[in-house]
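In case you want the letters, here they are:
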Amino acid sequence: MMNCIPPRRAWRASQMTTVFIFLLFFPSFAGVLCVVGVTLWRRKPSLMCGPFRTLNTPYDSVDEWISYITPFGNTTWVVWIYNNLVKSVLFFYILTLIVLIISYLYWQIVQGRKIMVKLLLTQIANEGKDKSFLLNEIRKSQKPSGGNRGATHQISHRQVRVGI
């Protein structure tokens, strides 16, 4: 309901447009970057020239670099991360599972908020009906009846103040 209302300040509209374009652009850019990265890492390098000419794939350079830094004592954490996390399929499986669980939880939160908005709108409509019912009952009770001796109590619509 609030998206149809123009912003109070003019720059907010352009700021939201920028955020929206960024949200559309970033996943596409990340996807293209992943495809290009995988393609470059798996392609067989030239045998005649280039920095990877002695390797089967450019990714093998990372294996060679890890075997080169293994003897140094202060780089054992890098070697451990590479051997236990980067090379592990289980790590990426668990990471993907965590991302999917987080996405599902956010989706459930959004669905719950939509239901809450519907319930609140229904409650607002019911409160309006209750308000009009109470006003009608007040008017009926304030009408002069034949049994009253002279003093009539009339109440106008403006005198009744009923708040939400």
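As recorded in an unreviewed UniProt entry, the protein chain goes by the name Transmembrane channel-like protein, listed as coming from Engystomops pustulosus.

Chemist: What's the story with the overall build of the protein chain in this structure? I'm lost.
Modeler: Along the protein chain, the regular secondary structure elements total four helices and zero strands. For the protein chain, the succession of helices and strands along the chain, N to C, is α-α-α-α. Within the protein chain, the fraction of its 164 residues that count as buried is 7%. Pairs at least 24 residues apart make up 13% of the contacts formed inside the protein chain by residues separated by at least 6 positions. A total accessible area of about 14800 Å² is found for the protein chain, and carbon and sulfur atoms account for 67% of it.

Chemist: When you look at the pattern of salt bridges in this model, what are you seeing that I'm missing?
Modeler: Think of it this way: side chains of opposite charge can pair up when their charged atoms draw near. All chains considered together, the criterion is met by one salt bridge. Linking Glu 137 and Lys 140 is a salt bridge whose minimum nitrogen-to-oxygen distance equals 3.8 Å. Of this pair, Glu 137 and Lys 140 both sit in helix 4 (residues 89-142), three residues apart, which is roughly one turn of that helix.

Chemist: Where do I start with the packing of helix 2 (residues 60-69) against helix 3 (residues 76-86) in this structure?
Modeler: How two helices pack is summed up by the angle between their axes together with the distance between the axes. Close contact between helix 2 and helix 3 brings their axes to 9 Å; oriented N to C, the two are set at 140°. For the element pair helix 2 and helix 3, the recorded crossing hand is left-handed. Taking contact as the criterion, the partners of Val 62, Asp 63, Trp 65, Ile 66 and Ile 69 in helix 2 are, on helix 3, Val 78, Val 79 and Tyr 82. Partitioned by chemical class, the residues of the contact of helix 2 with helix 3 number seven nonpolar, no polar and one charged.

Rules used in this analysis
- Residues numbered from 1 in each chain as written.
- Predicted model: local features only at pLDDT ≥ 70, side-chain atom pairs only at ≥ 80, totals over all residues.
- Heavy atoms only, no water.
- Helix = DSSP H or I, 4+ residues; strand = E, 2+ residues; numbered from the N terminus.
- Buried < 20%, exposed > 50% of the residue type's maximum accessible area, 1.4 Å probe, protein only.
- Contact = heavy atoms within 4.5 Å.
- Areas by Shrake-Rupley, 256 points an atom, 1.4 Å probe, with all protein chains shown as cover.
- Salt bridge = Lys/Arg side-chain N within 4 Å of Asp/Glu carboxyl O.
- Axes fitted to C-alpha atoms, helices over the stretch in contact; angles between N-to-C directions.
- Left-handed = near helix turned anticlockwise from the far one by under 90°.
- Nonpolar A, V, L, I, M, F, W, Y, C, P; charged D, E, K, R; others polar.

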